[in-house]
Amino acid sequence: MKQIHKALILTGLGQCSIARISGPGGEGPVLVAVEYSGINYKDALAVTGMAKIVRASFPFIPGIDLAGTVLESDLEDYKPGERVVLTGGGLGERYSGGYTQLQAVPSKYLLKIPVGMSTRTCMILGTAGLTAMLSIMVLEDHGVVDGEILVTGASSGVGMIAVTLLASLGYTVIASCGSTHLWHKLEGLGASRTINRISTDADRPLMHAQYDGVVDAAGGKALSAALPRVRVHGCVAASGNAAGAELNTTVYPFILRGITLTGIDSNTAPVEDRRVAWERLQQLVSERKADQLLMATVSLEDIASVCSAKIAGKAPGRFLVSTAGEM
Ligand SMILES: NC(=O)c1ccc[n+]([C@@H]2O[C@H](COP(=O)([O-])OP(=O)(O)OC[C@H]3O[C@@H](n4cnc5c(N)ncnc54)[C@H](OP(=O)(O)O)[C@@H]3O)[C@@H](O)[C@H]2O)c1
């Protein structure tokens with residue numbers, strides 16, 4: 001297929017432009033008409049060149065997630081007309097990504113969008129939604145099925161979706177972030193209480209045990225501060241690094257309270273876990289709730305400026321990229 005279409009192309013580290021191209025950027029067996037992508041923190045790092053996210057040569061199409069409709073397929077499992085979602089697994093890092101109208105994608109992590117979920121809602125959730133759901137599944141696996149949960153980086157896409165999911169599952173949610181203008185929104189999504197960023201300043205190895213579990217979308221000082229505040233046999237699901245990559249802790253939360261620290265990597269999550277997570281997202285997030293989560297819908301042309309704003313800390317939360325428009 002030689003259809004002319006539009007894409008955001010990285011021409012070098014931190015350099016991008018909109019181009020009209022012929023044929024998909026990728027070489028996978030399933031050709032997808034991309035309807036939506038998202039702007040994740042990792043996309044912002046890739047597009048601005050603030051971190052070396054792209055592991056392929058330039059020119060390159062970034063975008064770590066996409067949702068759309070199959071146009072052509074070499075595989076029995078995917079038929080033209082089926083709606084599909086792909087997040088991570090190297091998309092927008094090693095393989096040509098979602099910031100385009102047409103993409104030929106690898107099939108390893110390609111999933112059909114659950115029945116009852118629109119393509120738009122699927123990508124409002126995107127990688128952030130999958131990460132939040134996988135985090136909660138880990139808490140459940142470790143026996144944390146009720147009680148008080150701290151969400152760090154609560155203003156992020158991952159954080160806001162985690163707040164929404166935890167509240168609808170009946171947990172009491174404490175949402176922590178520095179974006180105080182979003183506290184009201186977080187309360188609307190189900191947070192019982194909103195608090196500022198937590199940090200380790202003046203902390204002791206064990207603090208008053210407040211939380212049954214933590215969904216950590218911030219990392220760094222926030223994660224270091226959360227660990228001493230987790231109750232006996234509590235669980236922490238860590239996915240973020242926006243607050244830093246270093247972790248300062250002692251063994252005491254682990255050996256005196258038996259807490260568990262588990263890492264979440266949505267990029268390499270097994271396909272069966274993804275399938276379960278997407279089915280649960282379909283059950284837990286209505287179209288109306290998804291709309292509440294959305295910060296803005298933007299075009300391919302807007303991506304670069306939203307990415308710069310994200311890195312500057314001025315655009316947390318879910319930004320949906322609609323690829324609609326002239327081919
Ligand atoms: N492991 C995985 O599979 C996975 C998947 C998706 C995302 N992530 C990670 O999860 C995090 C959220 O991603 P996203 O795309 O949802 O992000 P996002 O919507 O762009 O939000 C960015 C978040 O970072 C927080 N932040 C920025 N600088 C900070 C600092 N110095 N100290 C504390 N918090 C800070 C902001 O909170 P404030 O309101 O406090 O500024 C905001 O909540 C990122 O670290 C991302 O890399 C991991």
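Data block above holds the structure.
Quick summary incoming for the structure in this document. (Residues numbered from 1 in each chain as written. Predicted model: local features only at pLDDT ≥ 70, side-chain atom pairs only at ≥ 80, totals over all residues. Heavy atoms only, no water.)

A look at the nonpolar core
Reasoning step 1: Ranked by internal contacts, the top residues of the largest apolar core, which has 52 residues, are Val163, Leu166, Leu186 and Trp278.
Reasoning step 2: Residue assignment for this core shows that the elements contributing at least two residues are helix H2 (119-141), strand E8 (148-152), helix H3 (157-168), strand E9 (172-176), helix H4 (183-189), strand E12 (230-238), helix H7 (271-284) and helix H8 (287-293).
Reasoning step 3: Examining the composition of this core, we find that 13 residues originate from one element, H2, more than from any other.
Reasoning step 4: Both of domain 1 (4-112 + 289-322) and domain 2 (128-263) provide at least three residues apiece to this core.
Reasoning step 5: Setting aside residues up to four positions removed in sequence, leucine 166 forms contacts with Ile136, Ile149, Val151, Tyr171, Val173 and Val215. (Core = buried A, V, L, I, M, F, W, Y, C linked by side-chain atoms within 4.5 Å. Buried < 20%, exposed > 50% of the residue type's maximum accessible area, 1.4 Å probe, protein only. Helix = DSSP H or I, 4+ residues; strand = E, 2+ residues; numbered from the N terminus. Domains from an automatic or database assignment. Contact = heavy atoms within 4.5 Å.)

Section: the sheet that holds strand E13 (residues 260-263)
Reasoning step 1: Ordered by their spatial adjacency, 6 strands build an open sheet running E10-E9-E8-E11-E12-E13, and the pairing between neighbours is parallel. The outermost strands of the open sheet, each flanked by one partner alone, are strand E10 (193-195) and E13. Looking at each pair of strands side by side, their axes are set apart by 20° on average, direction ignored.
Reasoning step 2: Note: E8 against E9, 5 bridges, orientation parallel. Looking across to E9, one finds that isoleucine 149 is bridged to valine 173.
Reasoning step 3: On top of the sheet, H2 reaches E8, strand E11 (211-216), E12 and E13; it is set at about 155° to E12, its chief contact.
Reasoning step 4: Set on the sheet, H3 makes contact with E8, E9 and E11; between it and E8 the angle comes to about 165°. (Pairing = 2+ DSSP bridges. Axes fitted to C-alpha atoms, helices over the stretch in contact; angles between N-to-C directions.)

A word on the environment of isoleucine 149
Reasoning step 1: Locating isoleucine 149 in the fold gives a position in strand E8.
Reasoning step 2: What makes isoleucine 149 buried here is its relative accessible area of 0%.
Reasoning step 3: Residues isoleucine 149 and leucine 189, 40 residues apart in the sequence, show an inter-C-alpha distance of 14 Å.
Reasoning step 4: Apart from residues no more than four positions distant in its own chain, isoleucine 149 is found in contact with Leu139, Val144, Leu166, Tyr171, Thr172, Val173, Ile174, Asp212, Gly213, Val214 and Val215.

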